[in-house]
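# Inside the fold
Chain residues, written in single-letter form:
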Amino acid sequence: MLDAFCDAGIPDTIVETAREGLRRMRQVLCPFVSLLTPLLAGETARLINDPLPSEVIFGGAPTWAYDMFVREGRQAMKAFLCRDNETAHWIREHAPPSERINLLGNILFAVEGGLLQSRLNWETGLSLRGMAEHESQGVRCPDGAALIEMMRAELPLLNEIRAGIASAA
């Protein structure tokens, strides 16, 4: 497949990036994603910088390290969901208790992992980003746009809870 990319005239940098992704991840998705580059789509792309929130360090780790995959992160999310805030209200209203932490964790990943420095901005990329953020948050959240914005606004509250848990550990 990668040889066919070369034969088709796809730039070496794109082919080698796909090759490295395939080598490291062993997923055929890597080469296919490379076909979405603006260069191949004939689209104009420009670099932009998303406005990043201030990074807070506590317990020797940045806030985003306390996610749904670590005990302290799950504790913080559970406490956050018990508080009186818009995000927690929405999640309690739309998801059963057994799914709430994972839903919040996925939304939190979109909030904390969705902003970048030096991000390529082009039509197809914006469309894919919208699908990933807003349409791929699970069956309980068919459009995550509003929930992501709620969580983004309430991130300081979650970070306050995370800090309390980290200092108690």
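Described in the following lines is the structure provided in the data block. This one's a predicted model, so the numbers in the text were calculated from it and none came from an experiment.

### Looking at the overall build of the protein
If you tally the helices and strands in the protein, you get 9 helices and 4 strands. Along the chain direction, N to C, the helices and strands of the protein fall in the order α-α-α-α-β-β-β-α-α-α-β-α-α. Seen through its C-alpha atoms, the protein measures out along the principal axes to roughly 55 × 35 × 30 Å. When each of the 169 residues of the protein is scored for burial, the buried share is 37%. The contacts in the protein between residues at least 6 apart in sequence include a share of 66% that link residues at least 24 apart. Total accessible area on the protein stands at roughly 10300 Å², and carbon and sulfur atoms take up 57% of it. Considering the protein, the positive charge centre built from 16 side chains and the negative charge centre built from 22 side chains are found 7 Å apart.

### Considerations on the side chain of Thr87
As for its placement among the helices and strands, Thr87 is situated in helix H6 (residues 86-94). Look at Thr87 and you get buried, because its relative accessible area is 0%. A distance of 3.3 Å separates the side chain of Thr87 from the backbone nitrogen of Met151, its partner in a polar contact. Discounting residues that sit within four places of it in the chain, Thr87 has contacts with Phe80, Leu104, Leu147, Met150, Met151 and Glu154.

### As for the packing of helix H5 (residues 71-82) against helix H9 (residues 145-168)
Between two packed helices, both the angle of their axes relative to each other and the distance between the axes serve to describe the pair. Two numbers describe how H5 lies on H9: the axes approach to 9 Å, and their chain directions differ by 120 degrees. By the angle class used here, H5 and H9 are oblique. As H5 packs across H9, the resulting crossing turns out to be right-handed. Between H5, through Glu72, Gln75, Ala76, Met77, Ala79 and Phe80, and H9, the contact on the second element is made entirely by Met151, Glu154, Leu157, Leu158, Ile161, Arg162 and Ile165. For the contact of H5 with H9, the residue count by class is 9 nonpolar, 1 polar and 3 charged.

### What about unusual backbone geometry?
Working note: non-glycine residues mostly have negative phi, and peptide bonds are mostly trans. Unlike most non-glycine residues, Arg26 shows phi in positive territory, near 60 degrees. Position of Arg26 among the secondary structure elements: in the loop between helix H2 (12-25) and helix H3 (29-34). On the basis of relative accessible area, Arg26 is assigned to the exposed category, the value being 65%. The backbone phi angle of Ser118 is positive, close to 55 degrees, even though this residue is not glycine. Examined against the element boundaries, Ser118 turns out to sit in the loop between helix H7 (97-113) and strand E4 (119-121).

Rules and cut-offs
Residues numbered from 1 in each chain as written. Predicted model: local features only at pLDDT ≥ 70, side-chain atom pairs only at ≥ 80, totals over all residues. Heavy atoms only, no water. Helix = DSSP H or I, 4+ residues; strand = E, 2+ residues; numbered from the N terminus. Buried < 20%, exposed > 50% of the residue type's maximum accessible area, 1.4 Å probe, protein only. Contact = heavy atoms within 4.5 Å. Areas by Shrake-Rupley, 256 points an atom, 1.4 Å probe, with all protein chains shown as cover. Lys, Arg positive; Asp, Glu negative; His and termini not counted. Charge placed at Lys NZ, Arg CZ, Asp CG, Glu CD. Polar contact = N/O pair within 3.5 Å; in protein donor to acceptor, adjacent residues only side chain to side chain. Axes fitted to C-alpha atoms, helices over the stretch in contact; angles between N-to-C directions. Parallel < 35°, antiparallel > 145°, perpendicular 65-115°, else oblique. Left-handed = near helix turned anticlockwise from the far one by under 90°. Nonpolar A, V, L, I, M, F, W, Y, C, P; charged D, E, K, R; others polar.

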